[in-house]
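# Coordinate analysis (summary)
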Amino acid sequence: MRILGIETSCDETGVAVYDNKNGLIANKLYSQVKLHSNYGGVVPELASRNHVIKTIPLIKEALSQSSLCITDIDGVAYTAGPGLVGALMVGATIGRAIAYACKVPAIAINHIEGHLLTIMMEDNPPSFPFVALLVSGGNTQLIAVKNIGKYFLLGKSIDDSAGEVLDKTAKLLGLGYPGGKILSYIARRGITGRYKFPRPMINRQGLDFSFSGLKTSVANTIRSVSVDDEQNCADIARAFEDAVVDTLSIKCCRALDNTGFNRLVIAGGVSANRTLRIRLTDIMRNIGKKVFFSRSDFCTDNGAMIAYAGMLRLQLTKKNNFYNDLEVMVRPRWSLEEDLSAVFYKN
Ligand code: KG4
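Every chain is numbered independently, its residues counted from 1 as its sequence is written. For a predicted model such as this one, the threshold for reporting local features is a pLDDT of at least 70, and the threshold for listing and counting side-chain atom pairs is 80 or more; totals across whole chains, interfaces and linings nevertheless cover every residue. Side-chain numbers come from the whole structure's heavy atoms, not from hydrogens or water.

## Examining the nonpolar core
Counting 61 residues, the largest nonpolar core has L4, I59, V76, I107, L116 and Y308 as its most contacted members. For this core, the element with the most residues is helix α10 (residues 304-316), which contributes nine residues. Shared between two domains, this core holds at least three residues of each, these being domain 1 (2-116 + 299-344) and domain 2 (128-293). Throughout, a contact is declared for two residues whenever any of their heavy atoms are within 4.5 Å. Those residues in contact with L4 that sit more than four places away from it in its chain are V15, A16, V17, I59, I70, I73, G75, V76, A77, I98 and A307. Counting 44 residues, the second-largest nonpolar core is a separate cluster that includes L175, F209, A237 and I266. Here, nonpolar core refers to any group of buried Ala, Val, Leu, Ile, Met, Phe, Trp, Tyr and Cys residues whose side-chain atoms link them within 4.5 Å. Each residue gets one of three labels from its accessible area relative to the maximum for its type: buried under 20%, exposed over 50%, partly exposed in between, using a 1.4 Å probe on protein chains only. Comment: elements are numbered from the N terminus, with helices defined as DSSP H or I runs of at least four residues and strands as E runs of at least two. Bear in mind that the domain bounds are from an automatic or database domain assignment.

## Focus on helix α3 (residues 85-102)
With 18 residues, α3 should reach 26 Å at 1.5 Å per residue; the first-to-last C-alpha distance of 25 Å fits that figure. Backbone geometry just downstream of α3 places K103 in the positive-phi region, at approximately 55 degrees. Expected span, for any helix, means 1.5 Å times one less than how many residues it has.

## What to know about the domain arrangement of the chain
The domains assigned to the chain are domain 1 (2-116 + 299-344) and domain 2 (128-293). Each partner contributes to the roughly 1,600 Å² buried at the junction of domain 1 and domain 2, and carbon and sulfur atoms together form 71% of this total. Note on definitions: buried area is the accessible-area loss of two parts on being combined, 1.4 Å probe, summed for both. Of all residues in domain 1, the largest losses of buried area upon contact with domain 2 belong to L116, C299 and E337, amounting jointly to 36% of the total for that side. Every element with two or more residues in the side of domain 1 that touches domain 2 is listed here: α1 (33-37), α4 (111-117) and α10.

## A word on the packing of aromatic side chains
Aromatic ring pairs are defined here through the distance separating the ring centres and the angle between the ring planes. Between rings of Phe, Tyr and Trp, where Trp is taken as its six-membered ring, a pair exists when centres lie within 6.5 Å; planes separated by under 30 degrees are stacked, by over 60 edge-to-face, and by other angles tilted. For the structure shown, the criterion picks out five aromatic pairs. Geometrically, the ring pair formed by F128 and F130 is stacked, given 5.5 Å between the ring centres and 15 degrees between the ring planes. Of the residues examined, F128 reaches a relative accessible area of 24% and is grouped as partly exposed. Residues F322 and Y345 carry aromatic rings whose centres are separated by 4.7 Å and whose planes lie at 70 degrees to one another, so their mutual orientation is edge-to-face.

Have a look at this one:
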């Protein structure tokens, strides 16, 4: 069974083909980072227009990489939400049109589910159940994953996501956009302890996060010192990254305690962060639990995770229960807990 996956929820066009026997046989990505960097953030209209230009050529490339033609595909999975509505519409329209023409199932995928299941494509994947920390530009969530399709939200950010705050701080430090990765790189040269920032909400019960206070605290510091001085900039980056990583780690431990699960999965763009990976690996070793993370390329948005989630969904649901008509439906907001199977799949 071969599934074509299409991801267009934000600023990456991702296309991949997943084969249930041979694994990932094609994976193509076009990042719009350069396009948006002039504006210091994603411009939704530009994102949609660019997906229109890139999606079909990438599908052709992915098919050629896997030596397949479009009629060899058994299903088309596309990101149906959450994300930017115009951007989602591009992938959904193209995906459903191909499925309709080829008379194969069109499989609507929740982008967050795609991130959570990415780890299952790696060697030695975790078994269920596990706690997942989804930490990206758009989301910071802790989720109890009991099985495929059995997700329970444990906590989420009540304001900014961790990735958003990393990117905003990087911008204030003059590191460009999106600066999460470069900020982390600069932080390696920073001296620990020269600055200290709050670890928000760790003394409050529960598993929600809040990063806006931390953002303000760092912004005030940046305004009061010279960040043209490279060492200053690195020291602030160090202290800020430590505050984010500590906050995330404390809540991950609490989620494992509350659920009694022994496995933690980190997913989403910020899970590529080296300090977060090292810190969680150490902590989990000390408490006799295990953390799992994907290769860096699969942390950020990609088509492989959508193709893979599509294959799992197709294996779980009867083939005839998927719509392959031309009605295009997307969900800019779509909680993992929200049961939309009646909307996207026939009962
Ligand atoms: O999952 P993702 O591609 O999608 C969005 O939600 O857009 O995540 C992107 C986020 C950005 O905030 C980016 O700065 C951050 O992931 N990121 C990192 C690293 N690599 C990407 N943050 C910290 N350290 C990294 N190595």
